[in-house]
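Commentary on secondary and tertiary structure
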Amino acid sequence: MQNKRTIIYDLHPVIEEIRASSGLPENLSTEAQLWDEIMKKETFLMPEQLFPLIKEVHGKEYPRDAGIKPLATEYSIERMDTREITSIRADITVAVEGTDIYHFECEMQKDGTMVIRMFEYDVHIALSYAQGTIDGTYTIQFPHSAVLYLQNNQTVPDHLSCQVTFQDGTSHKYQIPVIKVQTYSLEEIHQKHLCVLIPFLPLRFRKSLSSSNSIKKLPKGELTNFYQQIILILEQEVADGYLTEMNKKTILSLLSKSLIRVFYKEESLLEEVIELTEPILELEFEKIERLKKELIAQRETLEKELIVQREVLEKELIVQRETLEAALEKEKAAGQAALEKEKAAGQAALEKEKAALQEERASSQAKFNAQQEEINRLKAELAKYQH
């Protein structure tokens, strides 16, 4: 521990950066977004960890290997007052074994209209998964819903309810169970395996921090003891097979984000948080996203380099092609000239040979004529002697 205290002054830039961002991750701008992100990451990265919560709220128990799948949570609606088409987004909706649908909303403060919002969400969820039969009738099954209140609030009831009256005069009580996260002790969370609630537990310290002298209200070592107890619980859950090592890392990473948000205004407590959670664990999901961004950047750089190289190669190929074409044209012209010259020489030789043949023929004809004349003369002389 002494080695950590020696780097206390190195933490000031980190603390200033955390304060500048109000203790929020760089991609978030409000605290509500942080709690929504924590719940969503738990649901998408380890959805099976919702089974203990489902059992706690609805009394339904599933085997650990039961299929559970997050569902779409955004629905389009038409506002009655403006007729404007907008969208509403539920926090968490999952389907277990393809048939049982569960809906969870996370809230910080008591809201008198929350039951109306829940009814609106549930109507759209029910309509989205309504099942028809061959005879054209439909079964509209509402999801199993619950509201998780994350902060201490003494006035939150155990259920939210409203009366729904149908057009035929029948009436039904729409009732939603409530989970008050801060009423659960660490021991109870361990016993019931409600590890998905752990990242929200630092909110229980806010009551102490609301005092002007928060250090006195939060006894020395309480935060460290709280964190160490959570480590022990998570390690035991891993050993017992309720969590994987990756589940444990995910919960600790989300817990560190929660601790930073809760204590970002208190420098000494924030230093303690940083020392407890260093190195702040990077979620596998976040690691994949970071690597994906790096790969995209590398690909874009490589594509730009390839474009430049291609342009250079295209220019070089154009120059080489033009040079080759010029050389071929020159060679073709030279070959044509040589061919013409050779043709002319051949023609001249042919003409010369033709003339020689004609001359020889004329000479032969003259000789023949002379011989013929001699024969005729001899014939004439012979004829004289015969007479």
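Residues numbered from 1 in each chain as written. Predicted model: local features only at pLDDT ≥ 70, side-chain atom pairs only at ≥ 80, totals over all residues. Heavy atoms only, no water.

Looking at the confidence of the model for the protein chain
Put simply, the rule is: Across the chain, each position has a pLDDT score giving the predictor's confidence in that residue, from 0 to 100. Two residues form a contact once any of their heavy atoms are found within 4.5 Å.
The predicted model of the protein chain has a mean per-residue pLDDT of 85, with 89% of residues at 70 or higher. Below a pLDDT of 50 lies the segment residues 1-9, which in the model reaches five contacts outside its immediate sequence neighbourhood of four places, other chains included.

A word on the sheet that holds strand S1 (residues 68-70)
Strand pairs in the sheet, formed through backbone hydrogen bonds, run parallel or antiparallel to each other. So the rule is basically this: Two strands form a pair only when DSSP identifies at least two bridges running between them. Starting at the N terminus, helices and strands are each numbered in turn, a helix being any DSSP run of H or I of at least four residues and a strand any DSSP run of E of at least two. Think of each axis as a best-fit line through the C-alpha atoms, taken over the contacting stretch in the case of a helix, with angles from 0 to 180 degrees between the N-to-C directions.
Read from one edge of the open sheet, six strands run S1-S4-S5-S8-S10-S9, paired in mixed fashion. Each having just a single partner strand, S1 and strand S9 (159-165) make up the two edges of the open sheet. Put simply, the sheet's adjacent strands are angled 25° from each other on average, direction ignored. Here S9 pairs with strand S10 (residues 171-180) via seven bridges, running antiparallel. Paired with Ser161 across the bridge in S10 is Gln175.

Looking at the packing of aromatic side chains
Basically, it comes down to this: In this analysis, rings of Phe, Tyr and Trp, with Trp reduced to its six-membered ring, are considered paired at centre separations within 6.5 Å, and the interplanar angle assigns stacked below 30 degrees, edge-to-face beyond 60, and tilted for intermediate values. In our convention, an over-ring charge means Lys NZ or Arg CZ found within 6 Å of a ring centre and within 35 degrees of that ring's normal.
Counted under the stated rule, the structure contains eight aromatic pairs. Ring centres of Phe119 and Tyr174 lie 5.1 Å apart, and the angle between their planes is 85°; on these two criteria the pair is classed as edge-to-face. Separated by 55 residues along the polypeptide, Phe119 in helix H5 (residues 114-128) and Tyr174 in strand S10 bring together distant segments of the chain. In textbook terms, an aromatic cluster arises when at least three aromatic residues are bridged by ring pairs, as seen for Phe51, Tyr62 and Tyr102. The ring of Tyr242 carries Arg64 above its face, with NZ or CZ at 4.0 Å from the centroid.

Here's the deal with the pairing of strand S8 (residues 144-149)
Side-chain positions along a regular strand alternate between the two faces of the sheet. Worth spelling out the cut-off: Between buried and exposed lies partly exposed: a residue is buried under 20% and exposed over 50% of the maximum accessible area for its type, with that area taken using a 1.4 Å probe on protein chains only.
S8 sits mainly inside the fold: five of its six residues count as buried. As judged from the six bridges shared by strand S5 (residues 100-107) and S8, these two strands associate in the parallel manner. Bridge pairing in S8 places His103 opposite Ser145. Strand direction decides the pairing type here: S8 and S10, joined by three bridges, are parallel. Note on S10: the bridge partner recorded for Val147 is Val178.

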